[in-house]
Amino acid sequence: MRETSRTRRSRGAAAALTAALLLLTGTLAGCDSSSDARGNGAPATRRPSPKPTPLWDRSPDSIAAVGDSITRGFDACVVLSDCPEVSWATGTDTTVRSLALRLIGAPSVAERSWNYARSGADVADLAEQMTQAAAKKPELVTVMVGANDACADSEERMTPVDAFRRSFEGALKELRRTAPKAQVYVSSVPDLKRLWSTGRGDPLGRQIWKLGICASMLGNADDESPKAELRRTRVHERVVAYNEVLKDVCGKDMRCRYDGGAVFDFRFSGDQLSRWDWFHPSKNGQGRLAEIAYRNITAATAPRA
């Protein structure tokens, strides 16, 4: 049969259409997201991204404590004496239920907790204590320091804020030199002015304060003159500044957690203060400090200031 021009045009159009369909099919096959990169047609398996390991371990099993007389349990058992067995951090007294008892348990607390705090210590003594603590490779180091820096013989002799910062930064660096992965829990400095307000009504407390306990705040406890009030306000402001330093420096360390001002905000009652000096925590007060620390250390997130 003789091929007409219309037939040739129809056949050419069909061939072009077939080629276009083949090209489109190949393109779609190449872009099929259900095939793996090797082109074998097997569905690609999407693997979930690994979850990052949290930096803060909420259940450490070894603790070293550094700081001052509060962590040594001073005046909690016997007048003018340390009583580390009731320490909020590492004590073994079951009525206090220290942080170590809560986290580690009684059978192992003696072998896996260490108390390097020293009565009378200030922030400048912290680096040496950190050296001792780091040698034990603890999973957690607790810090409570600063009260003695404010509790000077006079307000003029309080530790300057810049010096306080340098000493605290140096202490953390000393810990990191030997124990880079140790967690650090930093307690805020207690509100010394509130302690004055709580204890000043007790005649025995006022007499003991005259022996020189925290003279910058507690000296002349009955004096309510503008001059005395200004002195106490300046001491209070210095404590607030110390806590800002603790918060700031700790916040720059990925394995450090500040208590958010919890100890500073805590209102110690008469039962929670030593009956001998109305300044240091009693056994009851040590127990309250342990509760605060345990709550903050085991929390999913750090407390907010």
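Rules used in this analysis
- Residues numbered from 1 in each chain as written.
- Predicted model: local features only at pLDDT ≥ 70, side-chain atom pairs only at ≥ 80, totals over all residues.
- Heavy atoms only, no water.
- Helix = DSSP H or I, 4+ residues; strand = E, 2+ residues; numbered from the N terminus.
- Buried < 20%, exposed > 50% of the residue type's maximum accessible area, 1.4 Å probe, protein only.
- Contact = heavy atoms within 4.5 Å.
- Areas by Shrake-Rupley, 256 points an atom, 1.4 Å probe, with all protein chains shown as cover.
- Disulfide = S-S within 2.5 Å.
- Pairing = 2+ DSSP bridges.
- Axes fitted to C-alpha atoms, helices over the stretch in contact; angles between N-to-C directions.
- Parallel < 35°, antiparallel > 145°, perpendicular 65-115°, else oblique.
- Nonpolar A, V, L, I, M, F, W, Y, C, P; charged D, E, K, R; others polar.
- Core = buried A, V, L, I, M, F, W, Y, C linked by side-chain atoms within 4.5 Å.
- pLDDT = per-residue confidence, 0-100.
- Phe/Tyr/Trp six-rings, centres within 6.5 Å; stacked < 30°, edge-to-face > 60°.
- Lys, Arg positive; Asp, Glu negative; His and termini not counted.
- Salt bridge = Lys/Arg side-chain N within 4 Å of Asp/Glu carboxyl O.
- Left-handed = near helix turned anticlockwise from the far one by under 90°.

Visitor: What exactly am I supposed to notice about the overall build of the protein chain here?
Guide: Secondary structure assignment for the protein chain yields 12 helices and five strands. Expressed as a percentage of the 305 residues in the protein chain, the buried residues total 45%. Considering only contacts in the protein chain between residues 6 or more positions apart, those separated by 24 or more positions represent 71%. Entry remark: accessible area of the protein chain is about 16400 Å², with carbon and sulfur atoms responsible for 53%.

Visitor: Looking at this model, I keep getting lost on the state of the cysteines. Mind explaining?
Guide: Cysteine pairs can be covalently joined through their sulfur atoms, and such a bond is termed a disulfide. Scanning the model with the defined rule gives three disulfides in all. Each sulfur of the disulfide joining Cys-77 and Cys-83 lies 1.9 Å from the other. The chirality of the disulfide connecting Cys-77 with Cys-83 is left-handed, given an S-S dihedral of about -70°. We classify Cys-83 as buried; its relative accessible area is 2%. Disulfide pairing is shown between Cys-250 and Cys-256; the S-S distance is 2.0 Å. As the torsion about the S-S bond is roughly -110°, the Cys-250-Cys-256 disulfide counts as left-handed. With cysteine numbering restricted to those in disulfides and following the sequence, the protein chain has the pairing 1-2, 3-4, 5-6.

Visitor: How should the sheet that holds strand β4 (residues 183–186) be read in this particular structure?
Guide: Hydrogen bonds between backbone atoms are what pair the strands of a sheet, whose relative direction is either parallel or antiparallel. Read from one edge of the open sheet, five strands run β2-β1-β3-β4-β5, paired in parallel fashion. Among the strands making up the open sheet, the edge pair consists of β2 (113–115) and β5 (256–258). Strand-to-strand, the axes of this sheet are offset by a mean angle of 15°, without reference to chain direction. Across five bridges, strand β1 (residues 63–67) lies against strand β3 (residues 140–144) in parallel orientation. By the bridge assignment, Gly-67 is partnered in β3 with Met-144.

Visitor: Just to check I follow, could you spell out the packing of helix α7 (residues 192–199) against helix α10 (residues 226–251) for this structure?
Guide: A packed helix pair is summarised by two numbers, namely the angle formed by the two axes and the spacing between the axes. As a packed pair, α7 and α10 sit with axes 8 Å apart at the nearest point and diverge in direction by 135°. Relative to α10, the element α7 lies oblique. Note on element contacts: α10 touches α7 through Glu-229, Arg-232, Thr-233, Val-235, His-236 and Val-239, opposite Leu-192, Lys-193 and Trp-196. Residue composition of the contact of α7 with α10, grouped by class: four nonpolar, two polar and three charged.

Visitor: Mind showing me how you'd approach the nonpolar core here?
Guide: The tendency in soluble globular proteins is for nonpolar side chains to be buried side by side. Core analysis: the largest hydrophobic core is formed by 72 residues, its most contacted members being Trp-88, Val-143, Phe-168, Val-186, Leu-192 and Phe-279. The biggest single contributor to this core is α10, with seven residues. In this structure Val-143 touches Val-66, Leu-126, Met-130, Phe-168, Val-184, Tyr-185, Val-186 and Ser-187, once residues within four positions along its chain are discounted.

Visitor: Just to check I follow, could you spell out the confidence of the model for the protein chain for this structure?
Guide: Fine structural detail should not be taken from predicted coordinates in areas where pLDDT scores are low. Taken over all residues, the pLDDT of the protein chain has a mean of 87, while the share at 70 or more is 82%. Low pLDDT (under 50) marks residues 1–42, which in the prediction has 11 contacts with non-local residues, meaning those over four places away or in another chain.

Visitor: How do you make sense of the packing of aromatic side chains when you look at a structure like this?
Guide: Aromatic rings in a pair are described by how distant their centres are and how their planes are angled relative to each other. Scanning all chains against the criterion turns up two aromatic pairs. With centroids separated by 4.2 Å and ring planes inclined at 10°, the aromatic side chains of Phe-164 and Tyr-242 adopt a geometry described as stacked. Here Tyr-242 lies in helix α10 and Phe-164 lies in helix α6 (residues 161–178), a separation of 78 residues in the sequence. No difference in accessibility class separates Phe-164 from Tyr-242, as the two residues are buried.

Visitor: Explain the side chain of Asp-68 to me, please; I cannot follow it from the model alone.
Guide: Among the structural elements, Asp-68 can be located in the loop between β1 and α2 (99–103). Nearest to the buried, unbridged Asp-68 among oppositely charged side chains is Arg-72, at 9.6 Å. Residues within four places of Asp-68 in sequence aside, it is in contact with Ala-117, Arg-118, Ser-119, Ala-121, Met-144, Val-145, Gly-146, Ala-147 and Asn-148.

Visitor: Teacher, can you tell me more about the packing of α6 against α10 here?
Guide: Interaxial distance between α6 and α10 falls to 10 Å at its minimum, and their mutual angle equals 30°. The crossing of α6 and α10 is right-handed. Every residue of α10 that contacts α6 at Val-161, Phe-164, Arg-165, Phe-168, Glu-169 and Leu-172 is listed here: Arg-238, Ala-241, Tyr-242, Val-245, Leu-246, Asp-248, Val-249 and Cys-250. Of the residues that constitute the contact of α6 with α10, the class distribution is 10 nonpolar, no polar and four charged.

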